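# Survey of secondary and tertiary structure
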Amino acid sequence: MAQSIDYGNLMHRAMRSLIQDVLSDVAANGLPGAHHFFITFDTTHEDVELAAWLRDRYPTEMTVVMQHWFEDLEVNDEGFAVTLNFGDSPERMFIPYDAIETFVDPSVEFGLRFETQGQDDEDEDDDEPTPPDASGEGDDSDAEDGADEKTGKEADVVSLDAFRK
């Protein structure tokens with residue numbers, strides 16, 4: 001009877017623990033310097049808490065930006081809760097770590113991507129993707145969807161390969 005070490009799940013737990021540590025520090029001390037986060041998560045995850053209008057607008061996934069305006073960041077072992085501004089409408093949400101698909105801090109070219117069971121391996125053959133534009137010039141919103149408002153196109157998914165040197 002052969003047993004094996006489940007490195008994939010161990011790595012995912014370690015990466016989610018890293019996100020918890022980073023967010024705990026931000027909750028205690030605020031965002032240092034130019035750091036900011038793009039967090040894409042699965043809105044269909046059973047433990048995601050989201051306003052009904054946001055769930056209707058983003059039925060499968062959503063990308064939020066934590067940068068200039070966010071409040072009441074609370075971090076625990078299961079996930080984090082935060083209030084973000086959507087066009088001058090503050091909304092409270094809870095995002096479990098298990099629902100996170102990508103976590104990116106473009107200020108230091110750091111990113112994590114979580115693969116889930118059943119995802120296609122199509123992305124592995126792609127050229128290195130371009131990280132999302134995080135300049136924020138002319139954009140005061142701190143919560144964004146995965147689509148570019150000007151073009152209506154979906155945002156690029158960032159994989160760890162884009163940040164390897």
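Scope of this entry: the structure provided in the associated data block. These numbers were taken from a predicted model, which means no experiment stands behind them.

Helices and strands together make up the secondary structure of the chain, namely two helices and seven strands. Listing each helix as α and each strand as β along the chain from the N terminus yields α-β-α-β-β-β-β-β-β. Expressed as a percentage of the 165 residues in the chain, the buried residues total 38%. The contacts of the chain with a sequence gap of at least 6 include a subset with a gap of at least 24, amounting to 59%.

This paragraph deals with a negative patch on the surface. Judged by side-chain charge, Glu46, Asp47, Glu49, Asp77 and Glu78 come together as a negatively charged surface patch. Inspection of the secondary structure assignment puts Glu46 in the loop between strand S1 (37-42) and helix H2 (52-57).

To continue, consider the sheet that holds strand S6 (residues 100-105). Taken in spatial order, the four strands make up an open sheet running S2-S1-S6-S7, and their pairing is antiparallel. Both outer strands of the open sheet, strand S2 (61-66) and strand S7 (110-113), are each paired with one neighbouring strand and no more. Strand-to-strand, the axes of this sheet are offset by a mean angle of 10 degrees, without reference to chain direction. Here S1 pairs with S6 via four bridges, running antiparallel. From the neighbouring strand, Ile39 faces S6, where its bridge partner is Phe103. Along the sheet face, helix H1 (residues 7-29) touches S1, S2, S6 and S7 and points at about 135 degrees away from the line of S7.

Attention shifts here to unusual backbone geometry. Where the residue is not glycine, phi is negative for most of them; where a peptide bond is considered, it is trans in most cases. At Asp88, a residue that is not glycine, the phi angle is positive and equals roughly 65 degrees. Take Asp88: it is sitting in the loop between strand S4 (79-85) and strand S5 (90-96). Given a relative accessible area of 71%, Asp88 falls into the exposed group.

What follows is about the nonpolar core. Counting residues in each nonpolar core, the largest one holds 29 residues, and the members touching the most others are Phe41, Met62, Val64, Met66, Phe80, Met93 and Ile100. Sorting the residues of this core by element identifies H1, S1, S2, S4, S5 and S6 as the ones contributing at least two each. Among the elements that make up this core, the one with the highest residue count is H1 (four residues). Once residues within four sequence positions are removed from consideration, Phe41 is found in contact with Val48, Leu50, Thr60, Glu61, Met62, Val64, Met93, Ile95, Ala99, Ile100 and Glu101.

About the thresholds
- Residues numbered from 1 in each chain as written.
- Predicted model: local features only at pLDDT ≥ 70, side-chain atom pairs only at ≥ 80, totals over all residues.
- Heavy atoms only, no water.
- Helix = DSSP H or I, 4+ residues; strand = E, 2+ residues; numbered from the N terminus.
- Buried < 20%, exposed > 50% of the residue type's maximum accessible area, 1.4 Å probe, protein only.
- Contact = heavy atoms within 4.5 Å.
- Patch = residues over 30% accessible without salt bridge, like charges linked within 9 Å, V, L, I, M, F, W, Y side chains within 5 Å.
- Areas by Shrake-Rupley, 256 points an atom, 1.4 Å probe, with all protein chains shown as cover.
- Salt bridge = Lys/Arg side-chain N within 4 Å of Asp/Glu carboxyl O.
- Lys, Arg positive; Asp, Glu negative; His and termini not counted.
- Charge placed at Lys NZ, Arg CZ, Asp CG, Glu CD.
- Pairing = 2+ DSSP bridges.
- Axes fitted to C-alpha atoms, helices over the stretch in contact; angles between N-to-C directions.
- Core = buried A, V, L, I, M, F, W, Y, C linked by side-chain atoms within 4.5 Å.

So yeah, pure geometry; function would need other evidence.
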